Amino acid sequence: MKKSVSDFVAFCADLMQPEKTVWIDGSKRQIDELNKTAVSTQEFVALNKEKLPNCFLHRSAPNDVARIESRTFICSRTKEQAGPTNNWMEPNEAYKLLSDISRGCMKGRTMYVIPYSMAPIGSPFAKYGIEVTDSIYVVTSMTIMTRVSNKILDVIGDDFVRGIHSKAELDAEKRYICQFPQDNTIWSVNSGYGGNVLLGKKCFALRIASNLARDEGWLAEHMLIVGITRPDGKKYYIAGAFPSACGKTNLAMLIPPKEYLERGYKVETIGDDIAWIRVGKDGALYAANPEYGFFGVAPGTNMKTNANAMLSCQKDSLLTNVALNPADDTVWWEGMSEAPETLIDWTGKPWHKGSETKAAHPNSRFTAPIVNCPCLSPEFENPQGVKLSAILFGGRREDTVPLVYEAKNWEHGVFVASVMASQTTAAAAGAVGVLRRDPFAMLPFCGYNMNDYFAHWLSIGKNLKNAPKIFNVNWFQKKNGRFLWPGFGDNMRVIDWIIDRCEGKEYGTQTPIGIVPKSSEINQEGLNISQEDLEQVLNVDKNLWENEVSDIERHYKKFGSKLPKELNKQLNELKQHLQ
Ligand code: OXD
Ligand code: MN
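Residues numbered from 1 in each chain as written. Chains lettered and ligands numbered in written order. Predicted model: local features only at pLDDT ≥ 70, side-chain atom pairs only at ≥ 80, totals over all residues. Heavy atoms only, no water.

**Student:** I'd like a rundown of the overall build of the protein chain, residues and numbers included.
**Tutor:** On a plain count of helices and strands, the protein chain comes out with 17 helices and 33 strands. The C-alpha atoms of the protein chain give 23 Å as radius of gyration, which agrees with the globular expectation for 579 residues (25 Å, within 12%). Its C-alpha atoms give the protein chain principal-axis dimensions of about 70 × 55 × 45 Å. Out of the 579 residues belonging to the protein chain, those deemed buried represent 61%. Across the protein chain, contacts joining residues at least 24 apart in sequence account for 73% of those joining residues at least 6 apart. Put simply, the protein chain shows about 22,000 Å² of open surface, and 50% of that area lies on carbon and sulfur atoms. (Helix = DSSP H or I, 4+ residues; strand = E, 2+ residues; numbered from the N terminus. Rg over C-alpha atoms; globule rule 2.2 N^0.38 Å. Buried < 20%, exposed > 50% of the residue type's maximum accessible area, 1.4 Å probe, protein only. Contact = heavy atoms within 4.5 Å. Areas by Shrake-Rupley, 256 points an atom, 1.4 Å probe, with all protein chains shown as cover.)

What follows is the structure, given as structure tokens:
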């Protein structure tokens, strides 16, 4: 084993003083044993062995149910490197604080050492990590979400990403999720919520990896990747960035309307949350999903909205903060089906149908192996990734932003992504439903100065001979509280228009914001929407866009003088077009 690995593990053991250290080898036998232990200590509840084989319910502490952005820090050498959108802590100060909190925190516990790979081991995309943790929930989840194997110890270099996690006392006042980009190190303490503790995911694959990507000339993005095959057999791959809990999983696993299925359309999933994207020799972009599982939002998921997600979490999965149906040891969440009469809610208390409280937490999750997904693409393990035809950006907007529009070119696309906004969701602690700008859906995940991140995107585009087209989509427009667009499978109609545009079809109308489809170009066969509503979702309202521009100006002020000039130029052009 590399000395750097054993030194790291020795450092963690010296500091946190676990009773023993166990190396995770990725074998089923070892995980089965650990799951049994977790059931015996009530960390897990074993679920129905016939209906949900090898599935377990896990409850996190009630004050620890979402990512906590206010306690997430980028500990780069200078505040300027972390930029205007991140919390920053001076690295020596952060290391001292975390060491003080962590000293002796694993006394009487086992420290598990997890070697894992993000992306297929040995592929050009692969990056390796070691996470130490005192939580079996983390071990089982990491085994689902990443490629855990003792083989990693043979291929790992000194540049592996060091991850330290301890539940410690689950003390919210001493909860910290710190990234140290200059040392490839992540330190998370006093939390047990997935997004804060499965260190391969947000902390590594986005915050640390975005730094690596900037230095090495690639992109680490909060994006789904989906493959579409048209009846003529031609395949298209599309990546899409939407903020947390805005439907990336649903779009990645979309089931097309009957009319499309009958004509031979096929949709296949590559990833639902993170894309690592590299420039190919042909000047196109190639994307791979570095993860190995789904950590999806449960509420609202059902056999109609996302049958593939439902089918993915029926075996070998963890269900976190959902309700338990004690009648048959199955699980339930709001929006799954008609509620059973009685349940045990996500906090472990009895719950009755009609109760004012939710049975499942709004950010309850399924953690499911990607190989369970019925529509998993055969390209998922392709070490070269898949060639992107289009990149989508979008968020939850009740008005202003039409169903879809196409950016004029790469630079304009970067502008569109830099001003994206969405209503906040339960995936992060804090108010829900508040509109906030979330550039590239990366606001909580970009591990360095976002001005430099925008500049990196602009410079990647300059070298692309076969750049994907960039689009913005919005499935969430409302009138009198009612969604105007049916969404889910019907989003295929929008994807189809996007692919037509990628094929160079002379579609759409130039508007001040970009190219918007004419309603006649959206396939309406079997679509249940009035002509009026369809016109409305495609409308670009100049007054609303003038307000939007004022808000974008306020948003851009935060970035100060380092904001790339190309973006201000794009904003000025938008203003002119609106006049
Ligand atoms: C997630 C998130 O869990 O974005 O993917 O919060
Ligand atoms: Mn996410």
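Having seen the model, we can carry on.
**Student:** Talk me through the pattern of salt bridges; I want residue IDs and the actual numbers.
**Tutor:** For the structure shown, the criterion picks out 47 salt bridges. Here lysine 479 makes a salt bridge to aspartate 533, at a shortest N to O gap of 3.7 Å. On the criterion of sequence distance, the pair formed by lysine 479 in strand β30 (residues 478–479) and aspartate 533 in helix α15 (residues 531–537) is long-range, its members being 54 residues apart. Each of Lys201, Lys202, Lys248, Asp273 and Glu291 takes part in one network of salt bridges that share partners. (Salt bridge = Lys/Arg side-chain N within 4 Å of Asp/Glu carboxyl O.)

**Student:** Can you break down the sheet that holds strand β24 (residues 365–369) residue by residue, with the values?
**Tutor:** Spatially, β2-β3-β19-β24-β18 is the arrangement adopted by the 5 strands of the open sheet, whose pairing is mixed. Each having just a single partner strand, β2 (44–46) and β18 (293–297) make up the two edges of the open sheet. With strand direction ignored, the average angle separating the axes of adjacent strands in the sheet is 20°. Of the strand pairs in this sheet, strand β19 (residues 318–320) and β24 are connected by 3 bridges, and their pairing is antiparallel. Across the sheet, the residue bridging to leucine 319 is phenylalanine 366, located in β24. On top of the sheet, helix α2 (residues 28–40) reaches β2 and β3 (56–58); it is set at about 105° to β2, its chief contact. (Pairing = 2+ DSSP bridges. Axes fitted to C-alpha atoms, helices over the stretch in contact; angles between N-to-C directions.)

**Student:** Just give me the short version of unusual backbone geometry, but keep the residues and values in it.
**Tutor:** The phi angle at alanine 119 is positive, at roughly 80°, despite the residue not being glycine. Relative to the helices and strands, alanine 119 resides in the loop between β6 (110–118) and β7 (127–133). With a phi angle near 55°, phenylalanine 440 is a residue other than glycine that sits in the positive phi range. Here phenylalanine 440 shows up in the loop between β28 (435–437) and α13 (450–462).

**Student:** So what about helix α17 (residues 565–578)? Which residues, and what values?
**Tutor:** Between its terminal C-alpha atoms α17 stretches 20 Å, which fits the 20 Å expected from 14 residues at 1.5 Å a residue. Of the positions making up α17, those classed as buried are Glu566, Leu567, Gln570, Leu571, Leu574 and Leu578. An end-on view of α17 places all buried positions within 145° of arc, on one side of the element. Across α17 from its buried face, at more than 90 degrees, point the exposed residues Lys565 and Gln576. Lining the buried residues of α17 we find α12 (410–418), α13 and α16 (542–557). (Expected span 1.5 Å × (residues − 1). Arc of directions from axis to C-beta.)

**Student:** How would you summarise the site of ligand 1 if you had to cite specific residues and measurements?
**Tutor:** Taken together, Arg67, Lys201, Lys202, His222, Ser244, Asp273, Phe295, Arg365, Ala427 and Phe445 make up the full set of residues adjacent to ligand 1. The side chain of arginine 67 places a nitrogen or oxygen atom 2.9 Å from an oxygen atom of ligand 1. Residue serine 244 places a side-chain N or O atom 2.5 Å away from an oxygen atom belonging to ligand 1. Here ligand 1 has 210 Å² of accessible area as a free molecule, and 96% of this is covered by the chains. Classifying every residue of the shell around ligand 1 by side-chain character gives 3 nonpolar, 2 polar and 5 charged. (Near = heavy atom within 4 Å. Polar contact = N/O pair within 3.5 Å; in protein donor to acceptor, adjacent residues only side chain to side chain. Nonpolar A, V, L, I, M, F, W, Y, C, P; charged D, E, K, R; others polar.)

**Student:** Lay out the packing of α2 against helix α5 (residues 136–145) in plain terms, naming residues and giving numbers.
**Tutor:** Helix packing for two helices is described by the angle between their axes and how far apart those axes are. Contact pair α2 / α5: the axes reach a minimum separation of 10 Å and the direction vectors enclose 145°. Two packed elements cross with a definite hand, and for α2 against α5 that hand is left-handed. Residues Ile31, Leu34, Asn35, Thr37 and Ala38 of α2 touch α5, and the partners they reach there are Ile136, Val139, Thr140 and Thr143. Broken down by class, the residue content of the contact of α2 with α5 amounts to 5 nonpolar, 4 polar and no charged. (Left-handed = near helix turned anticlockwise from the far one by under 90°.)

**Student:** Account for the nonpolar core, with residues named and values stated.
**Tutor:** Ranked by size, the top nonpolar core spans 160 residues in total, and within it Trp276, Trp333, Phe393, Trp457, Trp485 and Ile498 carry the most contacts. In terms of residue count, helix α8 (residues 200–216) provides more of this core than any other element does, 8 residues in total. Phe73, Ala126, Tyr128 and Ala168 belong to the second-largest nonpolar core, a separate cluster that totals 31 residues. (Core = buried A, V, L, I, M, F, W, Y, C linked by side-chain atoms within 4.5 Å.)

**Student:** Explain the packing of aromatic side chains residue by residue, including any values.
**Tutor:** On inspection of all chains with the given rule, the structure shows 27 aromatic pairs. A centroid spacing of 6.2 Å and a plane angle of 25° characterise the contact between tyrosine 292 and phenylalanine 380, whose relative ring orientation is stacked. Here tyrosine 292 is found in the loop between β17 (285–288) and β18, whereas its partner phenylalanine 380 is found in the loop between β24 and β25 (386–394), with 88 residues between them in sequence. Overall, the relative accessible area of 4% leaves phenylalanine 380 in the buried class. Seen from their ring centres, phenylalanine 393 and phenylalanine 440 are 5.2 Å apart, and the 80° between their planes marks the pair as edge-to-face. (Phe/Tyr/Trp six-rings, centres within 6.5 Å; stacked < 30°, edge-to-face > 60°.)

**Student:** For the side chain of serine 377, give the residues involved together with the corresponding values.
**Tutor:** Position of serine 377 relative to the elements: it lies in the loop between β24 and β25. At a separation of 2.9 Å, a polar atom in the side chain of serine 377 contacts the main-chain amide nitrogen of glutamate 379. In contact with serine 377, not counting residues within four places along its chain, are Tyr237, Glu268, Thr269 and Ile270.

**Student:** I'd like a description of the layout of surface pockets, backed by residues and values.
**Tutor:** Roughly 450 Å³ of volume is contained in the second largest pocket. When residues of the lining of the second largest pocket are traced back to their parent elements, those giving at least two are α2, α5 and β8 (147–148). A total of 4 residues in the lining of the second largest pocket trace back to one element, the largest contributor, which is α2. Its residues assigned to classes, the lining of the second largest pocket comprises 10 nonpolar, 9 polar and 4 charged. In this structure, the lining of the second largest pocket is formed jointly by two domains, domain 1 (3–41 + 68–216) and domain 3 (294–372), each of which donates at least three residues. (1 Å grid on protein atoms, 1.4 Å probe; cavity = no way out; pocket = protein on both sides within 12 Å on 5 of 7 lines; lining within 4 Å. Points joined across faces, edges and corners; volume = space filled by probe spheres on them. Domains from an automatic or database assignment.)

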